[in-house]
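Chain and residue survey
Chain by chain, the residues:
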Amino acid sequence: MTVTLEVSDNVGTIRLDRPPMNALDIAVQDRLRELAEEAGRRDDVRAVILYGGEKVFAAGADIKEMQVMDHAAMVARSRALQESFTAVARIPKPVVAAVTGYALGGGCELALCADFRIAADNAKLGQPEILLGLIPGAGGTQRLARLVGPSKAKDLIFTGRQVRADEALAIGMVDRVVPAAEVYEQAHAWASRLARGPAMALRAAKECVDAGLETDIDTGLTIERNWFAGLFATEDRERGMRSFVEEGPGKATFL
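Residues numbered from 1 in each chain as written. Predicted model: local features only at pLDDT ≥ 70, side-chain atom pairs only at ≥ 80, totals over all residues. Heavy atoms only, no water.

A closer look at the overall build of the protein
- Scanning the protein from N- to C-terminus turns up eleven helices and nine strands.
- Relative to the compact-globule value of 18 Å for 255 residues, the protein shows a C-alpha radius of gyration of 19 Å, a close match.
- Based on the C-alpha atoms only, the size of the protein along its principal axes is roughly 65 × 40 × 35 Å.
- Here the protein holds 255 residues, and 41% of them are scored as buried.
- Considering only contacts in the protein between residues 6 or more positions apart, those separated by 24 or more positions represent 69%. (Helix = DSSP H or I, 4+ residues; strand = E, 2+ residues; numbered from the N terminus. Rg over C-alpha atoms; globule rule 2.2 N^0.38 Å. Buried < 20%, exposed > 50% of the residue type's maximum accessible area, 1.4 Å probe, protein only. Contact = heavy atoms within 4.5 Å.)

Below is the structure:
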């Protein structure tokens, strides 16, 4: 399989495996959607890692596959392309991208779907679609602008230039830069920590932040208020508060 889901200790790793560059052809896109939806459903998956292997995250779309597509073909395909990435972004659990080597075009857009990005010190990210006479089509114009701001996003999208890990960190495109050999290990540590947390509260926090960014502050506050009150019906809330009162902060264990 070109994309797999492996689960260990409540952490699911969605692994791209299409050598040499993990090009995101239609089969990979569709499989990504399937596994993102599966990871969202499975109770034994409480946090997710996106990973392309030790050498490369994903170097973008399969250009040879796209070259033979005309306007009508892409009109028919573009919604499914976006929906495969949106399925990753909407996994109702913490998601971290472990970025090694190149994350370009669709590969960069996939990393943008994560909640947190850990990049190798030799990583290169970018949206080079403009060099093909195109624009990003899997969420790049929207997610990148929301992450780093419109001006920086336009710089990267207009020029198609690649960003090294240190610049990506400086502009907020990635959240941590580590030695290449430690990328997956650190991503797993982050995911494992959150996998031990209160699953419903983490789901609520993610939905409040993501949905709130798409609306006005009053609507966002309503989303937050409803989730906040709703969590008082959960066993995790009972466990967390009881542990705080009896043992002090930070000692609760969650199912």
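Having put the structure on the table, let's press on.
Description of the pattern of salt bridges
- Taken as a whole and judged by the stated rule, the model has 14 salt bridges.
- As a salt-bridge pair, Asp175 and Arg117 come within 4.0 Å of each other at their nearest N and O atoms. With Asp175 in the loop between helix H7 (165-170) and strand E9 (176-178) and Arg117 in strand E6 (residues 116-120), this residue pair connects regions lying 58 residues apart in the sequence.
- For Asp175, a relative accessible area of 34% corresponds to the partly exposed category. (Salt bridge = Lys/Arg side-chain N within 4 Å of Asp/Glu carboxyl O.)

Comments concerning unusual backbone geometry
- The omega torsion across Pro19 and Pro20 is 5°, close enough to zero to call that bond cis.
- On the secondary structure map, Pro20 appears in the loop between strand E2 (11-16) and helix H1 (26-41).
- Unlike most non-glycine residues, Asn10 shows phi in positive territory, near 70°.
- With respect to the helices and strands, the residue Asn10 is situated in the loop between strand E1 (3-8) and E2.

Brief notes about the nonpolar core
- If you look at the biggest cluster of nonpolar residues, it comprises 60 residues, and the most contacted ones within it are Leu50, Phe57 and Met173.
- In this structure Leu50 touches Ile14, Phe57, Val88, Val95, Val96, Ala97, Ala98, Leu110 and Ala114, once residues within four positions along its chain are discounted. (Core = buried A, V, L, I, M, F, W, Y, C linked by side-chain atoms within 4.5 Å.)

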